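Analysis of the macromolecular model
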Amino acid sequence: MAKTVLCVDDDPFYKDLFTAILEPKGFKVVCMMNPADGWEAVQKFQPDLVTLDVMMPEKKGMFDGYGMLKRMREDDRFKNIPVIMISALGDPEDVQMGLKAGATTYLPKQEMTPERLIEEIKKLVGQ
């Protein structure tokens, strides 16, 4: 059975990119454009892995990727789902902040390649 990857990013470019990279590798890809819809998708699809942007516009009181990550880590149903934060914020402090907040892995967008993304996902969920 295909592993489900939920991609949460407000940039349509990344939505299309993640779909183009992951679907040919056999993953089911669900994309949401903000953290509030991402949170609803986590509950509905119970994905095997989440990729999560940091900077996104507020919606329904959830300010950014950290808000969604915090909700996931506080909920027993979803606290063990691997989360790869993928952000334009790529300074070492940003990476540490993401990991400290509960991200499993943090990939700065400027360092992300299709091969690296697939490698990280396979390391965390197989397939």
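Residues numbered from 1 in each chain as written. Predicted model: local features only at pLDDT ≥ 70, side-chain atom pairs only at ≥ 80, totals over all residues. Heavy atoms only, no water.

1. So, the overall build of the chain
Helix and strand counts for the chain stand at five helices and five strands. Counted from the first residue to the last, the chain has its helices and strands arranged as β-α-β-α-β-α-β-α-β-α. In terms of overall dimensions, the chain is globule-like: its C-alpha atoms have a radius of gyration of 13 Å, near the 14 Å expected for 127 residues. A principal-axis box enclosing the C-alpha atoms of the chain has dimensions of 35 × 30 × 25 Å. Across the 127 residues in the chain, those meeting the buried criterion constitute 47%. (Helix = DSSP H or I, 4+ residues; strand = E, 2+ residues; numbered from the N terminus. Rg over C-alpha atoms; globule rule 2.2 N^0.38 Å. Buried < 20%, exposed > 50% of the residue type's maximum accessible area, 1.4 Å probe, protein only.)

2. Description of helix α1 (residues 12-22)
Residues of α1 that are buried include every one of Y14, F18, I21 and L22, and no others. Take α1 and look down its axis: the buried residues cluster within an arc of 80°, on one side only. Seen from the buried face of α1, the exposed residues on the opposite side, beyond 90 degrees, are F13, D16 and A20. Looking at the buried residues of α1, the elements they touch are β1 (4-8), β2 (28-32), β3 (49-52), β4 (83-87) and α5 (114-125). Where α1 starts, the residue carrying a side-chain oxygen 2.8 Å from the main-chain nitrogen of F13 turns out to be D11. (Arc of directions from axis to C-beta. Contact = heavy atoms within 4.5 Å. Polar contact = N/O pair within 3.5 Å; in protein donor to acceptor, adjacent residues only side chain to side chain.)

3. Focus on the nonpolar core
Within the largest apolar cluster, 21 residues are counted, with the highest numbers of intra-cluster contacts made by L6, V42, V50, L52, M68, M72 and M85. Those elements that place two or more of their residues in this core are β1, α2 (35-45), β3, α3 (65-74) and β4. Sorting elements by how many residues they give to this core places α3 first, with four residues. Counting 18 residues, the second-largest nonpolar core is a separate cluster that includes I21, F27, L49 and L117. (Core = buried A, V, L, I, M, F, W, Y, C linked by side-chain atoms within 4.5 Å.)

4. Quick notes on the packing of α1 against α5
Closest axis-to-axis distance for the α1/α5 pair is 10 Å, and the angle between their directions is 70°. Comparing the axis directions of α1 and α5 gives the class roughly perpendicular. Of the two elements, α1 crosses α5, and the hand of that crossing is right-handed. Along the contact surface, α1 presents F18, I21 and L22, while α5 presents P114, L117, I118 and I121. Residues that form the contact of α1 with α5 fall into these classes: seven nonpolar, no polar and no charged. (Axes fitted to C-alpha atoms, helices over the stretch in contact; angles between N-to-C directions. Parallel < 35°, antiparallel > 145°, perpendicular 65-115°, else oblique. Left-handed = near helix turned anticlockwise from the far one by under 90°. Nonpolar A, V, L, I, M, F, W, Y, C, P; charged D, E, K, R; others polar.)

5. Observations regarding the environment of R73
Among the secondary structure elements, R73 is positioned in helix α3. Through-space distance from the C-alpha of R73 to that of V83 is 9.9 Å; in sequence the pair is ten residues apart. In contact with R73, other than residues within four places in its own chain, are F78, K79, N80, I81, P82, V83, A101, G102 and T104.

6. As for the packing of aromatic side chains
Tallied over the full model, the rule gives three aromatic pairs. For the pair F13 and Y14, a centre-to-centre distance of 5.1 Å together with 85° between the ring planes defines the contact as edge-to-face. Its relative accessible area of 52% is what places F13 among the exposed residues. Accessibility expressed as a relative area gives 15% for Y14, which makes it buried. Seen from their ring centres, Y14 and F18 are 5.9 Å apart, and the 40° between their planes marks the pair as tilted. (Phe/Tyr/Trp six-rings, centres within 6.5 Å; stacked < 30°, edge-to-face > 60°.)

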